[in-house]
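Fold and contact review
This is what each chain is made of:
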Amino acid sequence: MGDAEKKSMEKGLIYTSLKGVGQGVSGPGSNLPAEKMQWWEDQKFGMFIHWGLYAIPATGEWTMFNQKIPAEEYAKLADQFNPKHFSAAEWARVAKEAGMKYMVMVTRHHDGFALWNSPASYRHFDSWETAAHRDFVKEYTDACRKAGLHVGLYYSPLDWRFPGYFDPRELPDNAALLKKQTYGQVEELMKNYGKIDILWYDGGWLAHKGSDADAAWFWEPLKLNAMVRSYNPDVVINPRSGMVGDFQTDEGGADVKGPIIPFPWEKCLNLNATSWGYNKAQNLMPLKQIIDMLVNTVDRGGNMLLNVGPDPDGVIPPAHVERLKEVGQWLAKNGEGIYQTRPGPFQPVDDFYGATYSGNKIYIHLLKMPAGDAVIKLPPTGQVITACTVLHGEKVKFHQDATGITLNLATVQPDPLVTTLVLKVKGR
Ligand code: H79
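Residues numbered from 1 in each chain as written. Predicted model: local features only at pLDDT ≥ 70, side-chain atom pairs only at ≥ 80, totals over all residues. Heavy atoms only, no water.

For the protein, an unreviewed UniProt entry supplies the name alpha-L-fucosidase and the organism Mucilaginibacter ginsenosidivorax.

Encoded structure:
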């Protein structure tokens, strides 16, 4: 897609699910040029991990706030947080088996408990100084790299322990302590754990009000991220520090619909739809829904970051591991049409199909088979199609003329999840 086309699409379309697209501050060198985003756009599928003290009550990562638990009371959970079966290598193994290419671990959520040795933590509220006496970020970053997965860290600037977070103008001294902690902790994460590929901020808003961009006056994200880039020049940064960010975020389990989105973006959602953190209440996504979500995301140019919430012992629930393995089995067969592709040339048709391309191949993802005459009519592309098959499978009858391409799927054995077809393009 050319620059002019991209610009006109960006102006003409409203991406309702992508809140605050392009909002936030930016400055020279604050964002990566397009060529440094290509590797990220190639990944398509990653693992998000929400794990912390909130795994113990098992009612979700917002427990401290929702149940109005005072900080001193909540802090006692750290005495019990001493996992015996935590293994970052096992997390990485599960991610790889699922076909995931990167991981993003929550290093510290809004409750303030840091999963590393964090001298910058207010009152040293971390896993190093409490029962576990372990640096989980170190174990995680080492395991990711060893497994060949790209390393992402999630960090929440927001910390509920600070009254100044809720009232930064009336309590500036306390808010300043919070800001000092954020700068200190982000520096620790960027300095002490080798090359970090992705920095995923969350909760840059103030007092849970307005947008992350509205709070830029407080966090000064250009200054914060200039420090980040001094350690990790090419790290891919999301928009939730109040800086524009290198990609846009679509959070939650709502279906992905509409046209191709012409800038880098990521869908993040939960495998257990109940909450991000470990939850007694289980609402595990059905396999077909996961594959559809992935395909719908990739066919519109996005990556999908699928979340797991390990239990207090650090173990990903076995039913979740099993479900992810099934996703990996579909990807082992169909990955060629997913990884390292770009969306198009056909615009997706909601609830029916979408497309990606790579080199001289176009991949059509069929969410369902056409009813009735088993025929699909694709619009003209201006390219000559020389062959059509099921990916790793039988030939598909097709006819191409000036009005488009007609595929006849009468003899096609569909994949029970999503069927991938391959069109070969002449001279590409
Ligand atoms: O870390 C996960 C969420 O905890 C976090 N972002 C993802 C990745 C997040 N922070 N804020 N929000 C999501 C939006 C806030 C939603 C809320 Fe609520 C609605 C806060 C209060 C009402 C959901 C429902 C959380 C508590 C009750």
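Following the structure, the description resumes.
**Regarding the sheet that holds strand S5 (residues 236-237)**
Keep this limit in mind: Whether two strands pair depends on DSSP finding at least two bridges between them. Where helices and strands are cited, they refer to DSSP runs of H or I of at least four residues and of E of at least two residues respectively, numbered from the N terminus. A contact between two residues is defined here by any heavy atoms of the two lying within 4.5 Å. A fitted line through C-alpha atoms serves as each axis, taken over the contacting stretch for helices, and the angle formed by two N-to-C directions is quoted from 0 to 180°.
A sheet is described by the order of its strands in space; here eight strands give the open sequence S5-S4-S3-S2-S1-S8-S7-S6, paired in parallel fashion. One side of each edge strand has no neighbouring strand; the edge strands of this open sheet are S5 and strand S6 (248-251). Direction of pairing for strand S4 (residues 198-201) relative to S5: parallel, over a ladder of two bridges. Within the sheet, the bridge partner assigned to Ile198 lies in S5 and is Val236. Of the strands in this sheet, S4 and S5 touch helix H10 (residues 221-231), which is tilted by about 155° from S4.

**Some thoughts on the sheet that holds strand S15 (residues 404-408)**
Spatially, three strands are ordered S12-S15-S14 in an open sheet, and the strand pairing comes out antiparallel. Whereas interior strands pair on both sides, the edge strands pair on one side only; in this sheet they are strand S12 (375-378) and strand S14 (397-401). If you compare each strand with its neighbour and ignore which way they point, the axes differ by 15° on average. Examined bridge by bridge, S14 and S15 share five bridges and lie antiparallel to one another. Opposite Gln400, over in S15, you have Ile405 as the bridge partner.

**A closer look at the site of the ligand**
Just so we agree on the cut-off: Note on definitions. A residue lies near a molecule or strand when any single heavy atom of the residue is within 4 Å of it. Contacts described as polar in this section are N or O atom pairs within 3.5 Å, which, within protein, must combine one atom able to donate a hydrogen with one able to accept it, while residues neighboring in sequence count only if both atoms come from side chains. Put simply, Ala, Val, Leu, Ile, Met, Phe, Trp, Tyr, Cys and Pro go in the nonpolar bin, Asp, Glu, Lys and Arg in the charged bin, and everything else, Gly too, in the polar bin.
Close to the ligand lie Phe48, His50, Glu61, Trp62, Asn66, His109, His110, Tyr154, Asp202, Trp205, Glu251 and Trp276, which account for all nearby residues. With respect to the ligand, the side chain of Asp202 contributes an N or O atom lying 2.6 Å from a nitrogen atom. Of the residues contributing to the shell around the ligand, the split by class is five nonpolar, four polar and three charged.

**Some remarks on the UniProt feature "domain: Glycoside hydrolase family 29 N-terminal" (unreviewed entry) in the protein**
In plain terms, the rule: UniProt positions are given in the numbering used here, feature names are shortened, and annotations may be inferred rather than shown by experiment.
UniProt records the feature "domain: Glycoside hydrolase family 29 N-terminal" (unreviewed entry) for residues 36-336 in the present numbering. Taken end to end, residues 36-336 is 35% helix and 14% strand, and its first and last C-alpha atoms sit 22 Å apart.

**Topic: the domain arrangement of the protein**
Stated precisely, the cut-off is as follows: For the domain bounds, the source is a domain assignment made automatically or taken from a database. For any pair of parts, buried area is found by adding up, for both, the accessible area (1.4 Å probe) each one loses once the two are put together. Salt bridges are defined by distance alone: a side-chain nitrogen of Lys or Arg within 4 Å of a carboxyl oxygen of Asp or Glu.
As assigned here, the protein comprises domain 1 (3-337) and domain 2 (344-425). Counting residues at the interface gives 19 residues for domain 1 and 19 residues for domain 2. For the pairing of domain 1 and domain 2, the buried interface totals around 1700 Å² over both sides, and the portion due to carbon and sulfur atoms is 51%. Taken together, domain 1 and domain 2 are joined by four salt bridges.

**Let's talk about the packing of aromatic side chains**
Rules: When two rings of Phe, Tyr or Trp (its six-membered ring) have centres within 6.5 Å they constitute a pair, described as stacked for plane angles under 30 degrees, edge-to-face for angles over 60, and tilted for the intermediate range. Burial classes follow relative accessibility: with a 1.4 Å probe on protein chains only, a residue under 20% of its type's maximum area counts as buried, one over 50% as exposed, and anything between as partly exposed. A ring has a charge above it when a Lys NZ or an Arg CZ is no more than 6 Å from the ring centre and no more than 35 degrees off the ring normal.
Within the structure shown, the criterion is met by 24 aromatic pairs. Centroid distance Trp51 to Phe81: 4.9 Å. Interplanar angle 45°. Geometry classified as tilted. On the criterion of sequence distance, the pair formed by Trp51 in the loop between strand S1 (45-49) and helix H3 (63-66) and Phe81 in the loop between helix H4 (71-75) and helix H5 (88-97) is long-range, its members being 30 residues apart. For the pair Trp51 and Phe81, one class covers both residues: buried. For Phe81, a relative accessible area of 0% corresponds to the buried category. A connected cluster of aromatic rings, assembled from ring pairs, spans Trp51, Phe81, Phe86, Trp91, Phe113, Phe125 and Phe136. Above the plane of the ring of Trp217 lies Arg169, whose end atom (NZ or CZ) is 4.0 Å from the centre. The lysine or arginine in question, Lys179, covers the ring of Phe218, its NZ or CZ lying 5.9 Å from the ring centre.

**Structural notes on the nonpolar core**
One recurring pattern in soluble globular proteins: nonpolar side chains tend to sit buried together. Definition in use: As used in this record, nonpolar core signifies buried Ala, Val, Leu, Ile, Met, Phe, Trp, Tyr and Cys residues forming a set joined through side-chain atoms within 4.5 Å.
Counting 106 residues, the largest nonpolar core has Met47, Met103, Tyr140 and Leu306 as its most contacted members. Tallying contributions element by element places helix H11 (residues 287-298) first for this core, with seven residues. Split by domain, the residues of this core number at least three in each of domain 1 (3-337) and domain 2 (344-425). Not counting chain neighbours up to four residues away, the residues in contact with Met103 comprise Met47, Ile49, Trp91, Ala92, Ala95, Tyr140, Cys144, Leu149, His150, Val151 and Gly152. Cys388, Ile405, Leu407 and Val425 belong to the second-largest nonpolar core, a separate cluster that totals 19 residues.

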